[in-house]
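Structural description and commentary
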Number of protein chains: 2
Amino acid sequence: METPKLPTQPYKGTRDFYPQEMRLRNWFFGKIRKTLENACFEEYDGPMLESLSLYAAKSGAELAGEQTYHFEDRGGRHLAMRPEMTPTVARMVAAKMGELNFPLKWFSIPNMYRYERPQRGRLREFWQINVDIFGCDTYEADLECIISAIDVLRAFGATRDMFTVHINNRRFFNDVIAAVAGVDAETGRKISKVVDHKGKVPRELYEKELTALGLDEEKIAAIDALYGMSVRDAAALCPASSGAAELLQLFTALEEAGLRDYCVFDFGIVRGLDYYTGTVFEVFDNAPENNRAMFGGGRYDNLVGLFVNNAKISGVGYGMGDVTLENFLTTHDLLPHDESTAPKVLLTRFDDVPYAAYLALAGDLRAAGVSASLYLGNKKFGKQLDYAVKNGYTHAVIMGGEEYAADKVKVKDLGARQEQLLSRAELAAFFKETARKKE
Amino acid sequence: METPKLPTQPYKGTRDFYPQEMRLRNWFFGKIRKTLENACFEEYDGPMLESLSLYAAKSGAELAGEQTYHFEDRGGRHLAMRPEMTPTVARMVAAKMGELNFPLKWFSIPNMYRYERPQRGRLREFWQINVDIFGCDTYEADLECIISAIDVLRAFGATRDMFTVHINNRRFFNDVIAAVAGVDAETGRKISKVVDHKGKVPRELYEKELTALGLDEEKIAAIDALYGMSVRDAAALCPASSGAAELLQLFTALEEAGLRDYCVFDFGIVRGLDYYTGTVFEVFDNAPENNRAMFGGGRYDNLVGLFVNNAKISGVGYGMGDVTLENFLTTHDLLPHDESTAPKVLLTRFDDVPYAAYLALAGDLRAAGVSASLYLGNKKFGKQLDYAVKNGYTHAVIMGGEEYAADKVKVKDLGARQEQLLSRAELAAFFKETARKKE
């Protein structure tokens, strides 16, 4: 009698990483880690479970409840599986505020969970590269963040034509709208909220709302015109704004760093979250079939203040999802076609040779830093070779009774399909040399 | 008015990894990954959330419910945060049984959650190195697992005197008890269950239970004597047992592999879980203050059968917790005292030099593979140096107005406290040479 069997598929919106996918993930995160460490960002991590209140404080209780997997533990603590990293890193910075040496340049590559309908580019479990700088209030930190985002993409071979960084500034956004509308700061903020939703409501409603705030047709047209303007022309409309000055400084520095070509000023970039307070940016995929924002970030000034009274530690950062980035690399054919070329050696096995002789060979190769495995089991030679090819071994070592008696081994290159006879003592050196040549 | 602030500590039994702890974790997992890949194990991963039924099927619904964080999603699916990796890997193997090329040599380093009282060596969130071989029914796979466990510990510098692998065999255990007691297999199994709990019940109760199963004093003493026996003497008591033959084969092969010294036969190793069917082993810390099992594993023959009718894919593996391993390394002083010695360069900043000049220097260094950062902000030179020292920079580059005009830079070695003047064009080559020397 058969008992009912368990399903083999993973939970909806999550992924199994078989060795092939895992090699890709390690390659992927390895490149990102190397690029960020090259710029002296330091890696950190926090727990998968956090207090739900962390997300409620940042995004509101309703949104936090809807978008997270959350539950109570037996002690009545309301916990959430992290849907984002920013509250965790703000908590960590707050906890050691007195010991840490600012500015901090930190990054993390955590997995996180969001309760949403799985679709292209959005899964329930995903990894997110998080890059943040804490404790530098000026544009240099914004610049450093943008440089790191560009450098991460370039590390994968992405070129100027493949992506563009769209940049705006939240303070500038408010100030220039107030200036164009000729109103005070308070009315300016109300108008900003309407303009922020420009693309999301019908044009008629948009104009009606602006008219209600006292704007005539001409002023509405002047706001429309901001969307096509250069950063210099837009900034000239409100020369006294500190946001305008910051934006100009940032673009000048991008020019000096040789990165101006990668960046455009885009008045349409606001990023909904209330906590952004200065520079905001989004990185777009330029591919016509996928022309949209891949990821973004910006400056937020007060998150540590959620934890510590009177704390004033500013931050600027961005988060980049692994699924989005992988889609980008696939679209532009930037994934590796060739996997690691380091030798991976299978020692095939014959019954007329003592097992100890194979054990010794494997030990020698491993001690020399060569990846090596004995064939496990008792299948025929042809099956063993077949196994080697299917599991990505680059070479098979063949030591039958004859070779063993002569203190020799045959080495078969499984790619080139060539064989050569070596003395057993030469074997490790042979593969070290093969590895060196392939580097 | 102050609003109530959020707590800054992580959830009970979980850890924050600040850059210092994260460097240690990356060093730690890097060594393990390298050692296992050197033996041709391939890395995989699965989701943090799994169906609760996976754990219930393996460990019983009650245990699965008690030891896991579990909850229902909005679709009424009962989910658990993985408390162990074995059910996930069995599910993954079952899902692609027809495509995979056995034997598989797989490993993973997942984080997992267990709902238990935090104590030394046990946390609620921990990482576990999981090593498994699927699809090889003979002792060679058991041997390969034990070799990999020894090699992982040796990769950290652990020597023979620091740890011991205690080995037994579940089939042998049952057979030798039946032989010593002179009973049939069925009664033998009942006696085995009692003997399995020997250390956990009072001696009086233990003897009473064995007496109830028909054993006299002499036979009870004969079972006691098994605990001090050599593998050969014990095996001689039931020469027909396939478990005894397997155990002898394994110990012979360990001898041939030069690892016999690391291993002892220990009749007391049974490992409670019902699913072990052959070789079982535990690795003990030899330190007197911490002399106990650190981790273990063994052969289990039917986990894939939970998912697929008539599947017969055997497995053998072990799981090693990060906290336990870190305690072991700390006890034996095997953690690194010196962190990475690769140059990490802070470009200090002066107001009378254009920012673009510093940006160019940082770009040059990074392009040459040297980790470099500009000081972010406008603090005085002394504060910038202080920042460099506290954040682990090895060198500071100083380019004030005078140096800039002369196309020079000063390089300050923050460890040796030495300074030298270089031309700007030499800088990248200087650090590449420094890195090469330190390798």
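Residues numbered from 1 in each chain as written. Chains lettered and ligands numbered in written order. Predicted model: local features only at pLDDT ≥ 70, side-chain atom pairs only at ≥ 80, totals over all residues.

Side note on the overall build of chain A
Helix and strand counts for chain A come out as 16 helices and 17 strands. Computed over C-alpha atoms, the radius of gyration of chain A comes to 29 Å, more than 25% over the 22 Å expected from 2.2 N^0.38 for 439 residues, which places it beyond the range of a compact globule. Across its three principal axes, chain A shows a C-alpha extent of roughly 95 × 55 × 50 Å. Taken over 439 residues, chain A has a buried fraction of 42%. For chain A, long-range pairs separated by at least 24 residues make up 66% of all intrachain contacts whose partners lie at least 6 apart in sequence. (Helix = DSSP H or I, 4+ residues; strand = E, 2+ residues; numbered from the N terminus. Rg over C-alpha atoms; globule rule 2.2 N^0.38 Å. Buried ≥ 20, exposed ≤ 12 C-beta atoms within 10 Å, placed from the backbone. Contact = placed C-beta atoms within 7 Å.)

Section: the environment of A388 of chain A
Residues and elements named next belong to chain A. Mapped onto the secondary structure, A388 falls in helix α14 (residues 381-390). Take A388: there are 24 C-beta atoms within 10 Å of it, and that puts it in the buried class. For A388 and C40, which are 348 residues apart along the polypeptide, the C-alpha to C-alpha distance reads 41 Å. Filtering out sequence-adjacent residues up to four positions away, A388 remains in contact with L346, Y393, A396 and L414.

Section: the relation of the copies chain B and chain A
Rotating chain B by 180° about the axis while translating it 0.0 Å along that axis superimposes it on chain A, leaving an RMSD of 0.1 Å. The transformation just described matches what one would write down for a two-fold rotation axis. Distance from the rotation axis, computed per C-alpha, reaches its smallest value in chain B at F71 of chain B: 3.4 Å. When the interface residues of chain B are mapped onto chain A, 100% of them are again interface residues, pointing to one common binding face. (Least-squares fit on C-alpha atoms with pLDDT ≥ 70 in both.)

Topic: the sheet that holds strand β15 (residues 395-398) of chain B
Two strands in a sheet stick together by hydrogen bonds in their backbones, pointing the same way (parallel) or opposite ways (antiparallel). Residue and element names in this part refer to chain B. Overall, mixed pairing links the five strands, which are arranged β14-β13-β15-β16-β17 in an open sheet. Each of the sheet's edge strands pairs with one partner strand only, and the pair in question is β14 (371-374) and β17 (418-423). The mean angle between the axes of side-by-side strands here comes to 25°, regardless of whether they run parallel or antiparallel. Of the strand pairs in this sheet, β15 and strand β16 (residues 408-413) are connected by four bridges, and their pairing is antiparallel. When the bridges of β16 are listed, A396 appears paired with K412. Where helix α13 (residues 355-367) meets the sheet, its contacts fall on β13 (344-347), β14 and β15, and the angle it forms with β14 comes to roughly 165°. (Pairing = 2+ DSSP bridges. Axes fitted to C-alpha atoms, helices over the stretch in contact; angles between N-to-C directions.)

Structural notes on the interface of chain B and chain A
Counting residues at the interface gives 74 residues for chain B and 75 residues for chain A. Looking at the side of chain B that touches chain A, its residues break down into 37 nonpolar, 18 polar and 19 charged. (Nonpolar A, V, L, I, M, F, W, Y, C, P; charged D, E, K, R; others polar.)

Thoughts on the pairing of strand β15 (residues 395-398) of chain A
Along a regular strand, successive side chains alternate from one face of the sheet to the other. Residue and element names in this part refer to chain A. Of the two faces of β15, the one carrying H395 and V397 and the one carrying A396 and I398 are both buried. The pairing of strand β13 (residues 344-347) with β15 spans three bridges and is parallel. Its bridge partner being in β15, L347 is matched across the sheet by V397.

Concerning the confidence of the model for chain A
With 98% of its residues at a pLDDT of 70 or more, chain A shows a mean pLDDT of 92. The complex prediction reports pTM at 0.94, with the ipTM value standing at 0.94. (pLDDT = per-residue confidence, 0-100.)

Re helix α7 (residues 185-196) of chain A
Residues and elements named next belong to chain A. In a regular helix each residue adds 1.5 Å, so twelve residues correspond to 16 Å; α7 covers 16 Å between its end C-alpha atoms and thus fits that length. Within the span of α7, buried status applies to G188, I191, V194 and V195. Across the axial projection of α7, the buried residues extend over an arc of 115°, all falling on one side. Projecting away from the buried face of α7 at angles above 90 degrees are the exposed residues A185 and E186. For α7, the elements touching its buried residues are α6 (170-181), α8 (203-212) and α9 (217-226). (Expected span 1.5 Å × (residues − 1). Arc of directions from axis to C-beta.)

Focus on the nonpolar core
Note that soluble globular proteins tend to have their nonpolar side chains buried in a common cluster. Among the nonpolar cores identified, the biggest contains 243 residues, and L347 and V397 of chain A together with V93, L347 and V397 of chain B are the most heavily contacted of them. Setting aside residues up to four positions removed in sequence, L347 of chain A forms contacts with Y358, L361, A362, A372, S373, L374, Y375 and V397 of chain A. (Core = buried A, V, L, I, M, F, W, Y, C linked by C-beta atoms within 7 Å.)

Quick notes on the sheet that holds strand β3 (residues 70-72) of chain B
Residue and element names in this part refer to chain B. Spatially, β2-β4-β3 is the arrangement adopted by the three strands of the open sheet, whose pairing is antiparallel. Edge positions in the open sheet fall to β2 (49-51) and β3, since each of these has one partner strand only. The average undirected angle you get between the axes of adjacent strands in this sheet is 35°. Strand direction decides the pairing type here: β3 and strand β4 (residues 78-81), joined by three bridges, are antiparallel. Residue E72 lies in a different strand from β4, and its bridge partner there is H78.

A few points about unusual backbone geometry
Residue and element names in this part refer to chain A. A cis amide bond links F102 to the next residue, P103, at an omega of -5°. Mapped onto the elements of the fold, P103 is located in the loop between α4 (86-95) and β5 (104-108). Within the chain, D333 stands out as a residue other than glycine whose phi angle is a positive 55°. Along the polypeptide, D333 turns up in the loop between α12 (322-331) and β13. Despite not being glycine, D407 shows a phi value in the positive range, around 60°. Within the secondary structure, D407 is located in the loop between α15 (401-405) and β16 (408-413). For D407, a count of 10 C-beta atoms within 10 Å translates into the label exposed.

Focus on the packing of α6 of chain A against α7 of chain A
Residue and element names in this part refer to chain A. Where α6 meets α7, the closest approach of the two axes is 8 Å, and the angle between their N-to-C directions is 110°. Between α6 and α7, the angle is such that the two are roughly perpendicular. Within the contact between the two elements, α6 uses F173, N174, I177, A178 and A181 and α7 uses A185, G188, R189, I191, S192 and V195. Residue composition of the contact of α6 with α7, by class: seven nonpolar, three polar and one charged. (Parallel < 35°, antiparallel > 145°, perpendicular 65-115°, else oblique.)

Focus on helix α14 (residues 381-390) of chain B
All names here are of chain B. Regarding α14, the residues found buried are Q384, Y387 and A388. Taken around the axis of α14, the buried residues stretch over an arc of 100°, which confines them to a single face. Facing away from the buried side of α14 by over 90 degrees, the exposed positions are G382 and K390. Looking at the packing, one finds that the buried side of α14 touches β13 and β15. Of the residues flanking the end of α14, it is G392, one or two places downstream, whose phi is positive at about 80°.

Quick notes on the pairing of strand β8 (residues 163-169) of chain B
Residues and elements named next belong to chain B. Burial runs high along β8: five of the seven residues are buried. One ladder, built from seven bridges, connects β8 with strand β10 (residues 276-285); its direction is antiparallel. Across the sheet, residue F163 finds its bridge partner in β10, namely D285. Pairing of β8 with strand β9 (residues 263-265) involves three bridges; the strand directions are parallel. When the sheet's bridge partners are listed, H166 is paired in β9 with V264.

A short note on the environment of A311 of chain A
Residue and element names in this part refer to chain A. With respect to the helices and strands, A311 occurs in the loop between β11 (293-300) and β12 (315-321). A count of 16 C-beta atoms within 10 Å places A311 in the partly exposed class. Those residues within four positions of A311 in sequence are excluded, and the remaining contacts are A94, M97, V304 and G305.

What about the environment of L49 of chain A?
Along the chain, L49 of chain A falls in strand β2 (residues 49-51). Classification of L49 of chain A as buried rests on a count of 25 C-beta atoms within 10 Å. Each C-alpha atom of the pair L49 of chain A and M81 of chain A lies 4.8 Å from the other, and the pair is 32 residues apart in sequence. The residues contacting L49 of chain A, other than those within four sequence positions of it, are L79 and M81 of chain A together with Y11, T14 and E125 of chain B.

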